[in-house]
Amino acid sequence: MRHIIVFLILALSLHINFDLAAQTYKKIDRVVIDAGHGGKDPGTVGKKSSEKDVALKLALKLGNYIKQNLPDVEVIYTRKTDVFVELYKRAKIANKEKADVFISIHCNAASSTSAVGTETWIIGATKGERNLAIAQKENSAILYEADYEKQYDNFDPNSPESYIIFELFQSAFRAQSESLAAKVQNQFSNRLHRVDRGVKEAGFLVLVAATMPSILVEAGFLSNLEEEKYLMSEQGQNEIASAIYRAFKEYKFQMEKIDEQAKQENTKHDSLLAAQKLAEANVETVGAENNAELIFGVQFLTSKNVFKNGSTELKGLKNVWRYKDNGYYKYVSGKFKNIDEANAYAKKLRGSDFKDAFVVAFVDGKRIPKRKALKMLRK
Ligand SMILES: [Zn+2]
């Protein structure tokens, strides 16, 4: 158990680092596709099929759809042929490749041949007998590994006690994994009208060490005769792979849009700061002057209410002052002698939170019409 704890703590600290990096998130352009099982590990076996074969077909088709339609995305496979790959190595590949998303593809089985439908899993606590059964089924793949006892420090995939460790595990990518998983299930149920068994969580060894949003797709039941036929058919495989592809595309676009918005917010914030600096610099020079002089400011807000400096309505603008007009408070930022500087500042405020900001003129603390101010300037 010690080793798996170290393994989990390491995964956990990596998650935290990655989460900080996620503040300045980048494009979703690297995906690792993991075809479950392979080689000496057939996975679930149906009447005519093996999970390892169906999973590989689905993985390769998914990769092709992504490559054809999203050329900016690099697709990396944990296996492209019928070979055995240890569970711990699969996440390791994704981490080493700095993948943005990890998608593991599997097929389901149940003792009842009527069990049918798809479910998408994320890493989490293993609650309930059925969830435990699925995690046990998938984690049992390590029993094919030569020194699994050493590698997973005596983690026994078949012992319920082993799964307690996952309750301590908090994935920093839970929200993103859940979002992607929901999109996959959505595609399966809405587009393909398949039975939606939902997004679920359990302790999957293949997901636990992955330092990126990760999902495990159970694409259907090989233990159900009809679903096995669908999973083995060219059309069924194309449909399933394209459903996962569409979910990935939606997720990618959504994440990149959020990123783009964050970037725009940052630029907006920067220009606001620069504008404030400019206004503050001008306040100092104007403050010492005789206020009978003509000054310009930028009016950005009108309200019946009094807002103090630092209140949220002022959106962080400092050097704000106000004058009363017709029962309203008019809020002005900056004091400029030079109208060009006032115009530049107004433009910057319009580009940030105050779309209607405009230049106003004052003499002796009283607002005067702008055209009168311009006349005064010309003198
Ligand atoms: Zn599997």
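So, here's what we can say about the structure.

Reading guide: rules and limits
Residues numbered from 1 in each chain as written. Predicted model: local features only at pLDDT ≥ 70, side-chain atom pairs only at ≥ 80, totals over all residues. Heavy atoms only, no water. Helix = DSSP H or I, 4+ residues; strand = E, 2+ residues; numbered from the N terminus. Buried < 20%, exposed > 50% of the residue type's maximum accessible area, 1.4 Å probe, protein only. Contact = heavy atoms within 4.5 Å. Areas by Shrake-Rupley, 256 points an atom, 1.4 Å probe, with all protein chains shown as cover. Phe/Tyr/Trp six-rings, centres within 6.5 Å; stacked < 30°, edge-to-face > 60°. Salt bridge = Lys/Arg side-chain N within 4 Å of Asp/Glu carboxyl O. Patch = residues over 30% accessible without salt bridge, like charges linked within 9 Å, V, L, I, M, F, W, Y side chains within 5 Å. Lys, Arg positive; Asp, Glu negative; His and termini not counted. Charge placed at Lys NZ, Arg CZ, Asp CG, Glu CD. Donors = N, O, S within 2.8 Å, 3.2 Å for Na, K, Ca; no water. Core = buried A, V, L, I, M, F, W, Y, C linked by side-chain atoms within 4.5 Å.

## Brief notes about the overall build of the protein chain
Of regular secondary structure, the protein chain possesses 11 helices and 11 strands. Each of the 379 residues in the protein chain was classed as buried or not, and the buried ones make up 50%. For the protein chain, the proportion of contacts with a sequence separation of at least 24, taken over those separated by at least 6, is 78%. Counting only carbon and sulfur atoms, one obtains 52% of the accessible surface of the protein chain, whose full area is about 18900 Å².

## A few points about the packing of aromatic side chains
Two aromatic rings are characterised by how far apart their centres lie and by the angle between their planes. In the structure shown here, the tally under the stated rule is 12 aromatic pairs. For the pair Phe155 and Tyr163, a centre-to-centre distance of 5.5 Å together with 70° between the ring planes defines the contact as edge-to-face. Given the relative accessible area of 3%, Tyr163 is considered buried. Measuring from ring centre to ring centre gives 5.5 Å for Phe336 and Tyr345, while their planes differ by 50°; the resulting arrangement is tilted.

## Examining the pattern of salt bridges
What the rule picks out here adds up to 18 salt bridges. Where Asp82 meets Lys52, a salt bridge forms, and the shortest distance between an N and an O atom there is 3.1 Å. Taken together, the residues span a long stretch of sequence, with Asp82 in the loop between β2 (74–77) and α3 (87–96) and Lys52 in helix α2 (residues 51–69) at a distance of 30 residues. Looking at Asp82, the relative accessible area reads 41%, which means it is partly exposed. With a closest N to O distance of 2.7 Å, Asp72 and Lys252 form a salt bridge.

## Notes on a positive patch on the surface
A surface patch of positive charge is lined by Arg371, Lys375, Arg378 and Lys379. Residue placement: Lys375 occurs in helix α11 (residues 370–378).

## Quick look at the coordination of the zinc ion
Only His37 (NE2), Glu51 (OE), His106 (ND1), Glu138 (OE) and Glu138 (OE) from the protein coordinate the zinc ion, and they sit 2.0 to 2.6 Å from it. When the donors of the zinc ion are listed by position in the chain, the intervening gaps give H-x13-E-x54-H-x31-E. Of the two residues, His106 sits in strand β3 (residues 101–108) while Glu138 sits in helix α4 (residues 129–139), which places them 32 residues apart along the sequence. By the burial criterion, His106 is buried, and Glu138 matches it.

## Quick notes on the nonpolar core
Core analysis: the biggest nonpolar cluster contains 39 residues, and Ile66 and Ile103 have the highest contact counts within it. Broken down by secondary-structure element, the contributors of at least two residues to this core are β1 (30–35), α2, β2, β3, α6 (174–191), β6 (214–221) and α9 (234–287). Contacts of Ile66, omitting those with residues within four sequence positions, involve Val31, Ile33, Pro71, Val73, Val75, Tyr245 and Phe248. If you look at the next biggest cluster of nonpolar residues, it comprises 31 residues, including Val32, Phe155, Ala202 and Val206.

## Considerations on the environment of Leu374
Within the element layout of this structure, Leu374 appears in helix α11. The sequence separation of Leu374 and Leu294 amounts to 80 residues, and the corresponding C-alpha distance is 10.0 Å.

## Comments concerning the side chain of Glu256
Examined against the element boundaries, Glu256 turns out to sit in helix α9. With a relative accessible area of 16%, Glu256 lands in the buried category. The contacts of Glu256, once residues within four sequence positions are left out, are Lys27 and Ile28.

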